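Chain and residue survey
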Amino acid sequence: MTIMLHLKGILTIDQQIRLVEMCREIATVAPFITPVMPSGQPFNCQQTSCGQVGWTSDREGYRYSRTQPNGRAFPAMPDSLADLAIYVARLAGEQSYIPDTCLINYYPATVKSKLGLHQDNTEVNLSPAIISISIGDDCEFLVGGTKRSDPTKSIILRSGDILVMHGQSRLAYHGVKQIIPNTAPKSLLKNGGRLNMTIRQVF
Ligand SMILES: O=C(O)CCC(=O)C(=O)O
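Below is a short write-up of the structure.

Scoring rules and cut-offs
- Residues numbered from 1 in each chain as written.
- Predicted model: local features only at pLDDT ≥ 70, side-chain atom pairs only at ≥ 80, totals over all residues.
- Helix = DSSP H or I, 4+ residues; strand = E, 2+ residues; numbered from the N terminus.
- Expected span 1.5 Å × (residues − 1).
- Buried ≥ 20, exposed ≤ 12 C-beta atoms within 10 Å, placed from the backbone.
- Arc of directions from axis to C-beta.
- Contact = placed C-beta atoms within 7 Å.
- Pairing = 2+ DSSP bridges.
- Axes fitted to C-alpha atoms, helices over the stretch in contact; angles between N-to-C directions.

On to helix α2 (residues 79–91). Taking 1.5 Å per residue, 13 residues should reach 18 Å; α2 reaches 19 Å between its end C-alpha atoms and fits that length. Residues of α2 that are buried: L81, L84, A85, V88 and A89. Viewed end-on, α2 has its buried residues packed into an arc of 135°, placing them on one side of the element. α2 presents D79, S80, D83 and R90 as exposed residues on the side facing more than 90 degrees away from its buried surface. For α2, the elements touching its buried residues are α1 (13–29), β5 (101–107), β7 (130–136), β10 (162–165) and β12 (194–200). Remark: G93 follows α2 within two positions and exhibits a positive phi of approximately 90°.

Structure below.
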């Protein structure tokens, strides 16, 4: 049984605007890139990170790295983002959550944008919650069980929602099936699409 905490509409529009500005500032230090999978196939979204490490994918595999592909450190995680993660982790029953990194995915408003079914398992510590913030266009999110072959169900993640995968759902397979265009609150993202900020305790 996959039990996730889906906090629908928990972020106000002002908080969402501030998170978009935060992502823009992070991207001035750690620009969005389109990583490739170990197979060489490019992702169907763009990524950057902040925090002491950043999630990285290239021909050498999936891992956390202390440096961006350009060799520079990732920008620190802003305190307000870390505080939000700690607050949300407490709601999920995790009292001593330490947010180490935030992976930021940008899904342009095209039919190609998606993320295949996967399990978040490159963290050193696989127990702490995965905290996932949605901003912009709605997304059809797939969630299954702890085996790739388990059946999946679709849920809609909307702008201002936070999804927490914790406890039994921490290692659930999940993915983004599609981004639903023109569903974001007006003027949140200039070119439409969806931002997802996934905060993780890695160590
Ligand atoms: O965009 C999302 O909602 C999910 C992102 C995700 O699964 C990941 O970055 O591992």
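This part covers unusual backbone geometry. Positive phi, close to 60°, is recorded for N182, a residue that is not glycine. Assignment of secondary structure puts N182 in the loop between β11 (174–180) and β12. The phi dihedral of S187 is positive, around 60°, even though this residue is not glycine. Structurally, the position occupied by S187 is in the loop between β11 and β12.

Where strands meet in a sheet, backbone hydrogen bonds hold them as pairs that are either parallel or antiparallel. If you trace the six strands from one edge of the open sheet to the other, you get β1-β10-β7-β12-β5-β2, paired in antiparallel fashion. Edge positions in the sheet fall to β1 (4–7) and β2 (46–51), since each has one partner strand and no second. Across the sheet, the mean angle from the axis of one strand to that of its neighbour is 15°, orientation sign disregarded. Direction of pairing for β5 relative to β12: antiparallel, over a ladder of seven bridges. Each bridged residue has a counterpart across the sheet, and for I104 the counterpart in β12 is M197. Most of the contacts of α1 go to β7, to which it runs at about 100°, and overall it touches β2, β5, β7 and β12. The strands touched by α2 within the sheet are β1, β5, β7, β10 and β12, with β7 carrying the most contacts at an inclination of about 120°.

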